[in-house]
Every structure is written in structure tokens, then in C-alpha cells.
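# Per-entry structural report
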Amino acid sequence: ALEAIAALVSKCRSYGSDIEFVAVDATRAEAEFLREAIKCAIESGATRVCVCDSAAALLPEDFASFVSALRADVSGLSEIPLGVQASGELGMAESSCVAAFRAGADYVRASVTDKKEPSVEMLSHIIGQKGDEIGVSSTRPSLRDLQSRYAALPAAARTMTDARTEMRRSPNSR
């Protein structure tokens, strides 16, 4: 598996400079294998890493501990952005994302359409109310504009489109 990660990340790197390694269902993976996989991806050219709690396996404080431990334990991870994606299955995706930010995550994947991912609407509200407190800014001019443009699409297009965005740590806040 590590050989496949190395080969695929290296191949992707030959096509572009921004390579994200996404560890889906990372919170249920064997801890040592996950760390080795992330290290391998970084050494092979990944420029950012995203870890996902795809099954809503962790409570927000546990997700924060998970992120903090990865930052501390994986060689090279402190040099590149670390992102997170949390499942909304238990209704705690946004809380998990905020906890992950406080623990050292740099960005969060969010969705306009998928109810099982953090909501752009809720995250934009959190940023508006608590962004300075948690060191978060939006990389988009207006998340509300994104929502408006999405809502204006015909229904058929909305079911086929998954509009995603990210919120990122404010510069110099780490």
C-alpha cells in the first residue's frame, strides 16, 4: 500500500505542484499505518494532507486530540497544510472542525449540498461570529455569495453538482 501511495503521489506531482493526499476514514485506520502513509505521501511530493473522520467515529475533543497527535508524530507534517473533513452523521461536524482548528488544522473541507459533511452555511456563520477567536478566515470573498449562486442553479444542476469550499487558518495565527 505504501508503494502505491508513493507511486501515485509522485505521478500526480509530475502533473502539477499542488498535490493533496486525502486519508478517507483516517480516524478508524490503524494509527501507525496512517502515520506511515502520510509520511510517505509527503516524502513523495504531497503539498497538503487532509484527514477525514468519514464515519463520525470521534467526538470533537477526540478529533482535536487526533489532529494534535498527527501534527506532533508525523515527520514533515508541520511543514505543509493539514486539513480536515468531518462527518455530519451525528450532527457534530462543525464542532469537530472548530476543535480541529484549535488543535492545529489549517483548513476544513465543507459542502453546500452534502448534509453528511460540514455545512458551508454553518461554518460561515461560525467564522462570522467566532472567526477571530479561533484564528479562522474564509479564503472566499463571500461564502454567502457561493450559497446564493448555488441556490440560483436549476434543480437538476444542483443535484449533480457538489459545490465545496474551504475555510483556512488566518495567516500568522498558528
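Residues numbered from 1 in each chain as written. Predicted model: local features only at pLDDT ≥ 70, side-chain atom pairs only at ≥ 80, totals over all residues. Heavy atoms only, no water.

### Some remarks on unusual backbone geometry
In this structure, Asp25 is a non-glycine residue whose phi angle is positive, near 60°. Locating Asp25 in the fold gives a position in the loop between strand E1 (20-23) and helix H2 (31-43). The backbone phi angle of Ala56 is positive, close to 55°, even though this residue is not glycine. Among the structural elements, Ala56 can be located in the loop between strand E2 (48-53) and helix H3 (60-73). For Ala56, a relative accessible area of 10% gives the class buried. (Helix = DSSP H or I, 4+ residues; strand = E, 2+ residues; numbered from the N terminus. Buried < 20%, exposed > 50% of the residue type's maximum accessible area, 1.4 Å probe, protein only.)

### Thoughts on helix H5 (residues 120-134)
Along its 15 residues, H5 runs just 17 Å from first to last C-alpha, ending more than 12% under the 21 Å computed at 1.5 Å per residue. Considering bend angle alone, the principal kink of H5 is centred on Gly128 and spans about 60°. Every buried residue belonging to H5 is among Val120, Leu123, Ser124, Ile126, Ile127, Gly131 and Ile134, and all of these are buried. Positive backbone phi, at 75°, marks Gly135, one or two positions downstream of H5. (Expected span 1.5 Å × (residues − 1). Bend = angle between axes of the 7 residues up to and from the residue.)

### Describing the pattern of salt bridges
Applying the stated rule across the entire model yields eight salt bridges. Between Asp18 and Arg48 there is a salt bridge; the shortest N-O distance is 3.4 Å. With Asp18 in the loop between helix H1 (2-15) and E1 and Arg48 in strand E2, the pair connects residues that are 30 residues apart, well separated along the chain. For Asp18, a relative accessible area of 52% gives the class exposed. Judged by relative accessible area, Arg48 falls into the buried class, the value being 13%. Of the charged contacts, one joins Arg71 and Asp106 as a salt bridge, the two residues approaching to 2.2 Å between their closest N and O atoms. Placement of the pair is Arg71 in helix H3 and Asp106 in the loop between helix H4 (93-102) and strand E4 (107-111), with a sequence separation of 35 residues. (Salt bridge = Lys/Arg side-chain N within 4 Å of Asp/Glu carboxyl O.)

### Digging into the packing of aromatic side chains
Within the structure shown, the criterion is met by one aromatic pair. Consider the rings of Phe63 and Phe66, whose centres lie 6.2 Å apart with planes at 10°: the pair is stacked. Of this pair, Phe63 and Phe66 both sit in helix H3, three residues apart, which is roughly one turn of the helix. When sorted by exposure, Phe63 lands in the same class as Phe66, which is buried. Geometry around Tyr107 places Arg48 over its ring, the cationic atom sitting 5.1 Å from the centre. (Phe/Tyr/Trp six-rings, centres within 6.5 Å; stacked < 30°, edge-to-face > 60°. Lys NZ or Arg CZ within 6 Å of the ring centre and 35° of its normal.)

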